[in-house]
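Spelled out from the first residue to the last, the chains are:
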Amino acid sequence: MTTLNKNTAKKRLTFALISVAFLLFSNLAYANVTAPLKTVGQGEMSWLFMDVYQVSLHSADGHYVHQEYPQALTIRYQRSFKKEWLIKATAEEWQKMKIDSRQYEPWLAQFFSLWPNVNSGDTLTFLVAKNGQGTFYHNDRLLGDINNRDLSRAFLDIWLSKKTSEPDLRRQLIGEIK
């Protein structure tokens, strides 16, 4: 084998090994993040006769206990939305819950850097670990971590708090009504 062919063969082998490693490690960030959890409840959000999203809540044992983690909330969008709209809707919900804007404004900036635009059929999952730290996933692909227990609680509270703007949806999510 000539030196040129040996170099080409080495480059191809190196490229193949790097490609395999990339595929293996990229799959670590892509997994069904709610698989180890059990569904507590699910429901659908509609607005003016339009289906907006389906949402489900998951916990370790399939039961809801306020601020007992792990918990995961998965939203499957039935419409496409720009991330700016999602962030605005989140802020509006926190305003309705009387959360001080000085507290949540920095959180919205974090969301802006993490969240993508979503298309119909996409999922956004927020997984809160036992220690209260949260992680966002888009279509089960890791977006990033939220290292703020207050933010984790406040985000879940949009759907799970007794102050939610959608009490019937809350009751479906926490398993009170099917």
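Worth saying up front: this structure is predicted, and the values here are computed from it rather than measured.

Parameters at a glance
- Residues numbered from 1 in each chain as written.
- Predicted model: local features only at pLDDT ≥ 70, side-chain atom pairs only at ≥ 80, totals over all residues.
- Heavy atoms only, no water.
- Helix = DSSP H or I, 4+ residues; strand = E, 2+ residues; numbered from the N terminus.
- Buried < 20%, exposed > 50% of the residue type's maximum accessible area, 1.4 Å probe, protein only.
- Contact = heavy atoms within 4.5 Å.
- Pairing = 2+ DSSP bridges.
- Expected span 1.5 Å × (residues − 1).
- Arc of directions from axis to C-beta.

Undergrad: How would you explain the overall build of the protein chain if you had to name every residue and give the values?
TA: Summing up its helical and strand segments, the protein chain has five helices and six strands in all. Its helices and strands taken in sequence order, the protein chain reads α-β-β-β-α-α-β-β-β-α-α from the N to the C terminus. The buried share among the 178 residues of the protein chain stands at 40%. Long-range contacts, defined as pairs at least 24 residues apart, comprise 55% of the intrachain contacts of the protein chain with a sequence gap of at least 6.

Undergrad: Give a description of the pairing of strand β2 (residues 50–59) that names residues and reports values.
TA: Within β2, seven of the 10 residues are buried, leaving the element largely enclosed by the surrounding structure. Summarising the sheet, strand β1 (residues 38–47) and β2 pair through nine bridges and their orientation is antiparallel. Residue Trp47 lies in a different strand from β2, and its bridge partner there is Met50. Between the antiparallel neighbours β1 and β2 lie two residues, among them Leu48 with a positive phi of about 50°. As judged from the seven bridges shared by β2 and strand β3 (residues 71–77), these two strands associate in the antiparallel manner.

Undergrad: Which residues make up helix α3 (residues 101–114), and what are the values?
TA: With 14 residues, α3 should reach 20 Å at 1.5 Å per residue; the first-to-last C-alpha distance of 20 Å fits that figure. By the burial criterion, the buried members of α3 are Tyr104, Trp107, Leu108, Phe111 and Leu114. Angularly, the buried residues of α3 cover 120° about the axis, an arc narrow enough to put them on a single face. Turned more than 90 degrees away from the buried face of α3 sit Arg102, Ala109 and Ser113, all of them exposed.

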